[in-house]
Amino acid sequence: MTHSTNFWAVVPAAGVGKRMNADRPKQYLELAGKTVIEQTLTRLLQAEVFQGIAVAISEQDPYWPELEISKHESVLTAPGGKERADSVLSGLKAIRADASDDDWVLVHDAARPCLTTSDIHLLIDSLKDDPVGGILALSSHDTLKDVQGKRITGTLDRTHIWRALTPQMFRYGMLKQALEEAEGNPAVTDEASALELQGLQPKIVEGRPDNIKITRPEDLALAVFYLNQHLEGL
Ligand code: CTP
Ligand code: MG
């Protein structure tokens, strides 16, 4: 029997949104008529490529069960973890029975609601035959400084510096093993860094600059602007 590779999404959504300084975690703030997390999951569902979407949710979260999308047939809920990497690992464990080691997993932050279908397909098309996998990323336009105690000690060579976005796309088995072996390592702030610790070199796929992460209050207005632009087909 031939086995076809499936695609899964894992969405870490168990953060508290400290920098947003709002009355609830930022994934539940209103954004263009829905919550941020509904916008994000709608983008992933619209791509029509995922076998399932595992969403990692904090156990104290009263908002998630109230959302219709939490009951969607393609969406399953996993317990959130202490750090983002723990939440991602929990999402992977939630699909263990159905995913095979060489299935692809796209990990995408709940806090990035402006992801486009075109970027999802670009990432998949660029990496589906790659032995390692990779991430959406943006080159850096600003001149970057090395700073010690508010004094500049050097200027980085910008041509080698990229900003890591999500989705990040890796094989189920490789990603799970890399995250398990890196458990508790504070340097693992994204999936690629866990793979890098295994000596692997994930690939960069240049993404759209409007795939912003909602981090601070001013980001919400920018996200509304981008979502409206997408609706207008820009
Ligand atoms: N996340 C998670 N589990 C954690 C921490 C973060 O699932 N223990 C998720 C967040 O919900 C978010 C994504 O990881 O979708 C990116 O994290 P970040 O932007 O840092 O969100 P928060 O940790 O919620 O924000 P802050 O760092 O400002 O508290
Ligand atoms: Mg955080």
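Note: the structure precedes this text.
Analysis parameters
Residues numbered from 1 in each chain as written. Chains lettered and ligands numbered in written order. Predicted model: local features only at pLDDT ≥ 70, side-chain atom pairs only at ≥ 80, totals over all residues. Heavy atoms only, no water. Helix = DSSP H or I, 4+ residues; strand = E, 2+ residues; numbered from the N terminus. Rg over C-alpha atoms; globule rule 2.2 N^0.38 Å. Buried < 20%, exposed > 50% of the residue type's maximum accessible area, 1.4 Å probe, protein only. Contact = heavy atoms within 4.5 Å. Core = buried A, V, L, I, M, F, W, Y, C linked by side-chain atoms within 4.5 Å. Near = heavy atom within 4 Å. Polar contact = N/O pair within 3.5 Å; in protein donor to acceptor, adjacent residues only side chain to side chain. Areas by Shrake-Rupley, 256 points an atom, 1.4 Å probe, with all protein chains shown as cover. Nonpolar A, V, L, I, M, F, W, Y, C, P; charged D, E, K, R; others polar. Expected span 1.5 Å × (residues − 1). Pairing = 2+ DSSP bridges. Axes fitted to C-alpha atoms, helices over the stretch in contact; angles between N-to-C directions. Salt bridge = Lys/Arg side-chain N within 4 Å of Asp/Glu carboxyl O.

## Structural notes on the overall build of the protein
Helix and strand content of the protein: six helices and 11 strands. Its C-alpha radius of gyration of 18 Å places the protein within 12% of the 17 Å reference for a compact globule of 234 residues. In terms of overall dimensions, the protein has C-alpha extents of about 55 × 40 × 40 Å along its principal axes. Buried residues in the protein amount to 48% of all 234 residues. The long-range fraction of contacts in the protein, counting pairs at least 24 apart against all pairs at least 6 apart in sequence, stands at 70%.

## Looking at the nonpolar core
Of all hydrophobic cores here, the largest spans 30 residues; its most connected members are Ile37, Leu41, Leu44, Phe50, Val55 and Trp64. Elements that contribute at least two residues to this core include exactly strand 1 (7–12), helix 1 (36–46), strand 4 (50–57), strand 6 (104–107), helix 3 (117–127), strand 7 (133–139) and strand 10 (162–171). Sequence-distant contacts of isoleucine 37, that is, excluding residues within four places in its chain, are made with Ala13, Gln27, Tyr28, Val55, Ile57, Trp64, Leu67 and Ala110. With 24 residues, the next largest nonpolar core counts Val10, Ala85, Ala99 and Val105 among its residues.

## Topic: the site of ligand 1
For ligand 1, the set of nearby residues contains 19 residues, the closest of which are Gly17, Lys18, Lys26, Ser87 and Lys213. Within the backbone of alanine 13, one N or O atom sits 3.1 Å away from an oxygen atom of ligand 1. Take alanine 111: an N or O atom from its main chain is 3.4 Å from an oxygen atom of ligand 1. When ligand 1 is considered free in solution it has 570 Å² of accessible area, and contact with the protein chains removes 87% of it. Across the shell around ligand 1, the residue classes tally to six nonpolar, five polar and eight charged.

## So, the side chain of aspartate 109
Tracing the backbone through its elements, the reader meets aspartate 109 in the loop between strand 6 and helix 3. What aspartate 109 contacts, discounting residues up to four positions off in sequence, is Val11, Pro12, Thr40, Arg84, Thr166 and Lys213.

## Section: helix 6 (residues 218–231)
Look at helix 6: 21 Å from first C-alpha to last across 14 residues, which is about the 20 Å you get at 1.5 Å a residue. Phi turns positive one or two residues past the end of helix 6, at glycine 233, with a value near 80°.

## Here's the deal with the sheet that holds strand 7
As summarised here, the arrangement of the seven strands in space is 5-4-1-6-10-7-11, forming an open sheet in which the pairing is mixed. Looking along the sheet, the strands with just one partner apiece sit at the ends: strand 5 (75–79) and strand 11 (203–206). Put simply, the sheet's adjacent strands are angled 30° from each other on average, direction ignored. Pairing of strand 1 with strand 6 involves four bridges; the strand directions are parallel. Looking at strand 6, one finds that phenylalanine 7 is bridged to tryptophan 104. Those strands touched by helix 2 (residues 84–94) are strand 1, strand 4, strand 5, strand 6 and strand 10, and its axis lies near 145° from that of strand 1. Across the sheet, helix 4 (residues 172–181) lies against strand 6 and strand 10, angled at about 120° from strand 10, the strand it touches most.

## Points about the pattern of salt bridges
Enumeration according to the criterion identifies seven salt bridges in this entry. Between lysine 82 and glutamate 83 there is a salt bridge, with its nearest N and O atoms 3.8 Å apart. Take glutamate 83: its relative accessible area is 48%, and that puts it in the partly exposed class. Close ionic contact of lysine 176 with glutamate 180 constitutes a salt bridge, the shortest N to O distance being 3.2 Å. Of this pair, lysine 176 and glutamate 180 both sit in helix 4, four residues apart, roughly one helical turn. Using a relative accessible area of 12% as the deciding quantity, one classes lysine 176 as buried. On the basis of relative accessibility, which here comes to 33%, the residue glutamate 180 falls in the partly exposed class. Residues joined by salt bridges that share partners form a network here, namely Arg84, Asp109, Arg112 and Glu191.

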